[in-house]
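Listed here are the chains, written in short residue letters.
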Amino acid sequence: GEQVEQRPPHLSVREGDSAVITCTYTDPNSYYFFWYKQEPGASLQLLMKVFSSTEINEGQGFTVLLNKKDKRLSLNLTAAHPGDSAAYFCAVSARYGGSGNKLIFGTGTLLSVKP
Amino acid sequence: GGIITQTPKFLIGQEGQKLTLKCQQNFNHDTMYWYRQDSGKGLRLIYYSITENDLQKGDLSEGYDASREKKSSFSLTVTSAQKNEMAVFLCASSIGTRQDTQYFGPGTRLLVL
């Protein structure tokens, strides 16, 4: 079945620097992808939902790139600020049994942005 | 908009105890999920339900039972808590199971003494 690998597990950057988190997946038929942000003690908040037809997806302060050939999804924070400090999870929609799809989550990246 | 509530927020149990976690959503979503989150392991699916009274096992269903009593609520039971177990249990819901976004509750933090 689908497997998702997320790197790096920990990332520390200075305010204003860029931060890049990458997920690789195995199923070439995957067609929906998600990035979630989890602040300390809080639940997961959706950052962006990405469709397989769109390779570059712009958000507020970040860009999500999808490389279908390499089966790679990346989250690029262009100028990180301390409020971006959180855990980030990618998720890939994969077929599951006969009841539709499920999300396969990456293991998470703990981002720390220092002033 | 809508909201997912989970009770209790913190749950401390004894080894061997049966523990129940509850989840309610007012999105009017058909599908609900229970995930377990362990440090360094991401989220793993325990059970999900595509409609009232439906139950589907996830990858981590052993040691758990679930119940979808009505469309808005989904309960998870730890059948026999394991000593030193510590994890966060997250409930989520979505319109369906195909491409729909899953929305998450705040979680229940479990500690077994």
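Everything in this summary refers to the structure shown in the same document. (Residues numbered from 1 in each chain as written. Chains lettered and ligands numbered in written order. Predicted model: local features only at pLDDT ≥ 70, side-chain atom pairs only at ≥ 80, totals over all residues. Heavy atoms only, no water.)

## Quick look at the sheet that holds strand 7 (residues 62–67) of chain A
Residues and elements named next belong to chain A. Using the following cut-off: By this definition, two strands are paired if DSSP reports at least two bridges between them. Helical segments are the DSSP runs of H or I of at least four residues, strand segments are the runs of E of at least two, and each set is numbered from the N terminus. In this description, a line fitted to the C-alpha atoms serves as the axis of each element, helices being fitted only across the stretch in contact, and the angle between N-to-C directions of two axes falls anywhere from 0 to 180 degrees.
Spatially, 1-3-8-7-6 is the arrangement adopted by the 5 strands of the open sheet, whose pairing is antiparallel. The strands lining the two open edges of the sheet, one partner per strand, are strand 1 (4–7) and strand 6 (56–58). Sheet twist, expressed as the average angle between the axes of neighbouring strands with direction ignored, equals 15 degrees. As judged from the 3 bridges shared by strand 6 and strand 7, these two strands associate in the antiparallel manner.

## Concerning the environment of R14(A)
Residues and elements named next belong to chain A. Stated formally: Any two residues whose heavy atoms approach within 4.5 Å are treated as being in contact.
Among the secondary structure elements, R14 is positioned in strand 2 (residues 10–14). A sequence separation of 67 residues divides R14 from H81, and the C-alpha atoms of the two residues are 7.9 Å apart. Leave out the neighbours within four places in its chain, and R14 touches A80, V113, K114 and P115.

## Describing the sheet that holds strand 8 (residues 73–78) of chain B
Residues and elements named next belong to chain B. Overall, antiparallel pairing links the 4 strands, which are arranged 1-3-8-7 in an open sheet. Either end of the sheet is taken by a strand with one partner, and the two such strands are strand 1 (4–7) and strand 7 (64–70). Direction aside, the axes of adjacent strands within the sheet are offset by 15 degrees on average. The pairing of strand 3 (residues 19–25) with strand 8 spans 6 bridges and is antiparallel. Each bridged residue has a counterpart across the sheet, and for T20 the counterpart in strand 8 is T77.

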